[in-house]
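Report on the structure
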Amino acid sequence: MRELYVKNHAKLSAGELVCAAALRRIRDFFIMDIIIELIRGGGTLTFPNAFYGFVWCFAQCAGLLFILIYLHQFIYLIVGTFVRYKEKHIAKENHTIGVVISARNESAVIGNLVKSVRASNYPQDKIKIFVIADNCTDNTADVCRSLGCIVFERHDETNIGKGYALHFLFEKLHTDPQYADIVPEAYIVLDADNLIKPDFISEMNRSFDSGYQMVTSYRNTKNFGANWISAGYGYWFLHEARHLSNCRRMFHLSCAISGTGFLISAQAVKEFDNWKFFTLTEDIECSTNFALAGKKVGYNPDAELYDEQPVKFSQSWRQRERWSKGFYQVFGKNGGKLIKGCFKSYSCYDILTTIFPALFFTLSVLVVLPVCAIVAACIGDMQTAARAGLSLAESLSGMLMIMIVICALTAATEWKKIKAPAYKKILYIFTFPIFMATYIPISVVAIFKKVEWKPINHTAAISLDELESGKGQLRTVSRPSRPTQHGKGMISYNKRGTEKRAERGKKVNRVAVR
């Protein structure tokens, strides 16, 4: 039986072989391959030799295990394509909101974000903008002060990363009495390169008012059409919003925050020791701790923001390398707790499959099958070598098919929201699998390499009006810089502008409140 299968497929062209492999992968999705072989063998599986049987069983088991673990995400994909959640709660109160922006040398773009916050339809007396000028060497702090922001300058070359910056701010606000009267009820965390729509804060307030202590939003891309790299990010974040967060909210499950564009209550911040999340992916670490604590992260699809994505592969590699390492850190730190929590909460299982290194499935296929093919060829077992090669082709074509389907469905449902010409939307559907495939070497390197947080340069400046009208052009803005000298003292400015000095050793934390 298996001999005839291999013999027939050996006559196919490369293109026909890929198509046949894709069709077989669809059949495998419904576990039909195993069932058919059992029927043919009268209830038993028969193979030419043991090596052949190992290769076939390995390929089938790897595919079946992957499908079983991630079946719920396939369900999200189908349901999310046809149904969109709509927030129905009407806020009874406009809560005080603190917009938190952690910025490192972001003077080129942060002004547009602050202006978009000021242009929101939420009562301005309920909004305070807190900026953490984190290890800045440019005039980010000065730009933000001129726009009426409350600026905290932090200089710490040892504890580097967004998690440390957020903890620094929340510690100041929640423990220093001089800031007691400006602590809001909830915080919205944004990146300096973001732009928010006028109703963004109002929508997040609706979800907060409904009872959620943490809420994620709809993350769009402002430079989607720049190239295949920015589009790869853009399609993935839209997929997360439409298919993952959308369905989790509909099914009353916990979502996951994604770095920027999320709300967290001041009470929740205090419960988690003023944000003591210091891994390279502090957002996923926070989502994991929320799930373990039995809390749920909400989602509001009408709270939309625009995010700038990297356009250089070197920057993209560095960023995704950090993400991969951060996922390993969170899995190593909380994986055991999540496995135990799976028996109590589905949300724990959901977040576990999010941080579980799916790379191991891919690597097992990409390593084991080629090795088997080479070994079989060396010992003259061409049947097994052909079987291993065919299984590899089936796996690769299956991955390709899944990526194209995800991207095509995302493009179809979010077509009007994507800020790019139609031909680019279509073209980047087919480059999306390439973007995702580059995760393989990135994730492998991250296993062995010591990865540190490094800033991503944001220089694409555009206002919200220009972006949404389609008439504006992304402008690359150079970064103004200023020389800075850090002494050993801590300089702070209180509300009256009185200067205080206190020795703090080698660390310098400069706080400015206006």
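Residues numbered from 1 in each chain as written. Predicted model: local features only at pLDDT ≥ 70, side-chain atom pairs only at ≥ 80, totals over all residues. Heavy atoms only, no water.

Under the definition given, this model contains zero disulfides. Not part of a disulfide, cysteine 348 finds its nearest cysteine sulfur in cysteine 342, a span of 6.2 Å. Exposure remark for cysteine 348: the relative accessible area of 4% places this residue in the buried category. (Disulfide = S-S within 2.5 Å. Buried < 20%, exposed > 50% of the residue type's maximum accessible area, 1.4 Å probe, protein only.)

Counted according to the given criterion, the structure contains 22 aromatic pairs. The interplanar angle of 0° and the centroid separation of 4.3 Å between the aromatic rings of tyrosine 164 and phenylalanine 278 together place this pair among those described as stacked. In this pair, tyrosine 164 sits in helix α8 (residues 162–175) while phenylalanine 278 sits in the loop between α11 (266–271) and α12 (282–292), placing the two residues 114 residues apart along the sequence. Residue tyrosine 164 is classed as partly exposed on the basis of its relative accessible area, which comes to 24%. Accessibility expressed as a relative area gives 31% for phenylalanine 278, which makes it partly exposed. (Phe/Tyr/Trp six-rings, centres within 6.5 Å; stacked < 30°, edge-to-face > 60°. Helix = DSSP H or I, 4+ residues; strand = E, 2+ residues; numbered from the N terminus.)

A few words now on the confidence of the model for the protein. Predicted confidence across the protein gives a mean pLDDT of 85, with 82% of residues reaching 70 or more. Confidence drops under pLDDT 50 across residues 1–10; counting only partners more than four residues distant or on other chains, this segment forms 20 contacts. Taken as a whole, residues 481–514 scores under 50 in pLDDT and shows 79 contacts with residues more than four places along the chain or in a different chain. (pLDDT = per-residue confidence, 0-100. Contact = heavy atoms within 4.5 Å.)

Right, let's get into a nonpolar patch on the surface. Taken together, Val367, Val371, Val375 and Ile379 make up a surface patch of nonpolar side chains, about 340 Å² in accessible area. Inspection of the secondary structure assignment puts valine 371 in helix α15 (residues 359–378). For valine 371, a relative accessible area of 44% translates into the label partly exposed. (Patch = residues over 30% accessible without salt bridge, like charges linked within 9 Å, V, L, I, M, F, W, Y side chains within 5 Å. Areas by Shrake-Rupley, 256 points an atom, 1.4 Å probe, with all protein chains shown as cover. Salt bridge = Lys/Arg side-chain N within 4 Å of Asp/Glu carboxyl O.)

What the rule picks out here adds up to 18 salt bridges. In this structure, the salt-bridge partner of aspartate 302 is lysine 86, at a minimum N-O distance of 3.1 Å. Of this pair, aspartate 302 sits in strand β8 (residues 297–307) while lysine 86 is found in the loop between α5 (71–82) and β1 (97–103), placing the two residues 216 residues apart along the sequence. Notably, a salt bridge pairs aspartate 142 with arginine 145, separated by 3.0 Å at the nearest N-O pair. Of this pair, aspartate 142 and arginine 145 both sit in helix α7 (residues 140–146), three residues apart, which is roughly one turn of that helix. The class for aspartate 142 is partly exposed, based on a relative accessible area of 35%.

Turning our attention to unusual backbone geometry. Although it is not a glycine, asparagine 135 sits at a positive phi angle of roughly 55°. For asparagine 135, the location among the structural elements is in the loop between β2 (127–134) and α7. The exposure class of asparagine 135 is buried, given its relative accessible area of 3%. Of note in the backbone geometry, aspartate 273 takes a positive phi value of approximately 55° without being a glycine. Looking at the secondary structure, you find aspartate 273 in the loop between α11 and α12. The exposure class assigned to aspartate 273 is partly exposed, which follows from its relative accessible area of 47%.

Where burial is concerned, most of helix α9 (residues 200–209) is hidden: nine out of the ten residues are buried. Turning to α9, its buried residues number three or more, namely Phe200, Ile201, Glu203, Met204, Asn205, Arg206, Ser207, Phe208 and Asp209.

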